[in-house]
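Residue strings, one per chain:
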Amino acid sequence: MTYELELVEAVDRLTELMGNFQNQILSGALKNFTLRQLYYIELINKHENISVSEIAKMLGVKKSTVSIAINQLIDRGIVTKIQSNDDKRFYFLGLTPEGKTIIKIHMQVHKNAIKKILDVLNEDEVENFIKIVGKITTSGL
């Protein structure tokens, strides 16, 4: 078997594994969310006082695209807008108590997946995996 074919098969297996991981993420209490919505929730959780504009800039997407998704999360009671004291035209985003519950569940799914990976790979393999994924993702493929 050639390296090319082995690489294709390895990438296929990894893609299937990632699909399974995404299915785990989008099950249970998280089944009514998209991966993009969960990512927005994660960013809001990670970055205190982030705005819609900042999310759009970070992700390289239009502000209107982010606004639509954020408004859906606001309507669902997951995200809240907090008006700036300095500039009343400006709003920060925060998580509601329900949003904080969702992010806890989401992060637990991540922790469970990482634990499974760490059960299979040793420290050197993890380090190499991180380097390889970084090299591939920054290559512009």
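Residues numbered from 1 in each chain as written. Predicted model: local features only at pLDDT ≥ 70, side-chain atom pairs only at ≥ 80, totals over all residues. Heavy atoms only, no water.

Scanning the chain from terminus to terminus reveals 6 helices and 2 strands. The order of α-helices and β-strands along the chain, N terminus first, is α-α-α-α-β-β-α-α. Reported as C-alpha extents along the three principal axes, the dimensions of the chain are approximately 65 × 35 × 25 Å. Split into buried and exposed, the 141 residues of the chain put 23% on the buried side. The long-range share in the chain, meaning contacts at least 24 apart out of those at least 6 apart in sequence, stands at 45%. Carbon together with sulfur atoms contributes 57% to the accessible area of the chain, which is approximately 10,300 Å² in total. (Helix = DSSP H or I, 4+ residues; strand = E, 2+ residues; numbered from the N terminus. Buried < 20%, exposed > 50% of the residue type's maximum accessible area, 1.4 Å probe, protein only. Contact = heavy atoms within 4.5 Å. Areas by Shrake-Rupley, 256 points an atom, 1.4 Å probe, with all protein chains shown as cover.)

As a further point, take helix α6 (residues 123-137). Here α6 contains 15 residues, and its C-alpha end-to-end distance of 21 Å stays within 8% of the 21 Å for a straight helix at 1.5 Å per residue. Put simply, N122 is the residue that caps the front of α6, since its side-chain oxygen is 3.0 Å from the backbone nitrogen of D124. (Expected span 1.5 Å × (residues − 1). Polar contact = N/O pair within 3.5 Å; in protein donor to acceptor, adjacent residues only side chain to side chain.)

Before going further, it helps to spend a moment on the packing of aromatic side chains. On inspection of all chains with the given rule, the structure shows 1 aromatic pair. Ring centres 5.0 Å apart and planes at 80° place the aromatic pair F90 and F92 in the edge-to-face group. The class of F90 is partly exposed, set by a relative accessible area of 31%. Directly above the aromatic system of F33 lies the positively charged group of R76, at a separation of 4.1 Å from the ring centroid. (Phe/Tyr/Trp six-rings, centres within 6.5 Å; stacked < 30°, edge-to-face > 60°. Lys NZ or Arg CZ within 6 Å of the ring centre and 35° of its normal.)

What follows covers a nonpolar patch on the surface. A cluster of nonpolar side chains, L14, L17, M18, F129, I130 and V133, forms an exposed patch at the surface whose accessible area comes to about 530 Å². Mapped by element, the contributors of at least two residues to the nonpolar patch are α1 (3-25) and α6. (Patch = residues over 30% accessible without salt bridge, like charges linked within 9 Å, V, L, I, M, F, W, Y side chains within 5 Å. Salt bridge = Lys/Arg side-chain N within 4 Å of Asp/Glu carboxyl O.)

What follows covers the nonpolar core. Of all hydrophobic cores here, the largest spans 25 residues; its most connected members are I41, I44, I55, I70, L73, V79 and L93. Put simply, the parts of the chain that give this core at least two residues each are α1, α2 (35-46), α3 (52-59), α4 (63-75), β2 (91-95) and α5 (97-120). With 5 residues, the top contributor of residues to this core is α2. Apart from residues lying up to four places away in sequence, I41 is in contact with F33, L73, I78, L95, G99, I102 and I103. (Core = buried A, V, L, I, M, F, W, Y, C linked by side-chain atoms within 4.5 Å.)

UniProt's entry tags residues 4-138 with the feature "domain: HTH marR-type" (unreviewed entry), counted in the numbering of this structure. Along residues 4-138, the helical share is 70% and the strand share 7%, with 21 Å between the first and last C-alpha atoms. (UniProt positions renumbered as here; feature names shortened; annotations may be inferred.)

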